[in-house]
Amino acid sequence: DLGETPADEPEQLYDRTIQTTLGDLREDGGENNLKLTFRIDDVGGENAYTEFVKHELTRDYARSLVRRGSSKIAAVLTVRTTDDYRVEVQPVAYTTKQADHSQKKAIRETMTRLVEEAADDNTFEGLVDAIVEGRLSSAIYSEAKQIYPLRRVEIQKTTLEAHPEEVQAEEEAAVDVDDEDVDL
């Protein structure tokens, strides 16, 4: 139960978005640093049913993680889950001190590999659960801390980009191009 939203007609509710925090959902005030966005996709009687659209760290929490003399290592990845949802995931790692370029690159590659593996092994719902509950962040932290000492790893933002039917339609509309057909 996310809350109430007023409307004269049930049709007016479709595509409305509802924002809440993880703390509000779990009734735990310590988890208010995660904003979750849901979209109403079905209405039945007095109830509206939602689907997950986006998760992100609150702005104040994300800014509190940044420190002078340390590195922020971010990546933006678009991955596909086992059930063909396309999701954009933005992991971010914060080091204890300034890291070299090669260390940042190695940590970014580790983040990329682990996020892609998580997407390959999970459904959309499983991936979102792993992100929201912090299991993916923990996995990244435990592997990447061997490269350089890390202070914190978070998934900064996750966005649902396309449903399976949209991904399927894009693949059908895509044109295959052979290397021979391309003039360089």
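What counts as what
- Residues numbered from 1 in each chain as written.
- Predicted model: local features only at pLDDT ≥ 70, side-chain atom pairs only at ≥ 80, totals over all residues.
- Heavy atoms only, no water.
- Core = buried A, V, L, I, M, F, W, Y, C linked by side-chain atoms within 4.5 Å.
- Buried < 20%, exposed > 50% of the residue type's maximum accessible area, 1.4 Å probe, protein only.
- Helix = DSSP H or I, 4+ residues; strand = E, 2+ residues; numbered from the N terminus.
- Salt bridge = Lys/Arg side-chain N within 4 Å of Asp/Glu carboxyl O.

A. Representation of the nonpolar core within the structure. By size, the foremost hydrophobic cluster in this structure holds 39 residues, and its most contacted members are V79, I107 and I140. Here the element with the most residues in this core is helix α3 (residues 101-121); it accounts for six residues.

B. Expanded view of the pattern of salt bridges. Counted by the stated rule, this structure contains nine salt bridges. Across the pair E56 and K54 runs a salt bridge, and its minimum N-O distance is 3.6 Å. Judged by its relative accessible area of 22%, K54 is partly exposed. The partner of E143 in a salt bridge is R113, and the shortest N-O contact between them spans 2.5 Å. With E143 in helix α5 (residues 135-144) and R113 in helix α3, the pair connects residues that are 30 residues apart, well separated along the chain. Classification of R113 as partly exposed rests on a relative accessible area of 35%. The structure contains a network of salt bridges with shared partners spanning R86, E161 and E170.

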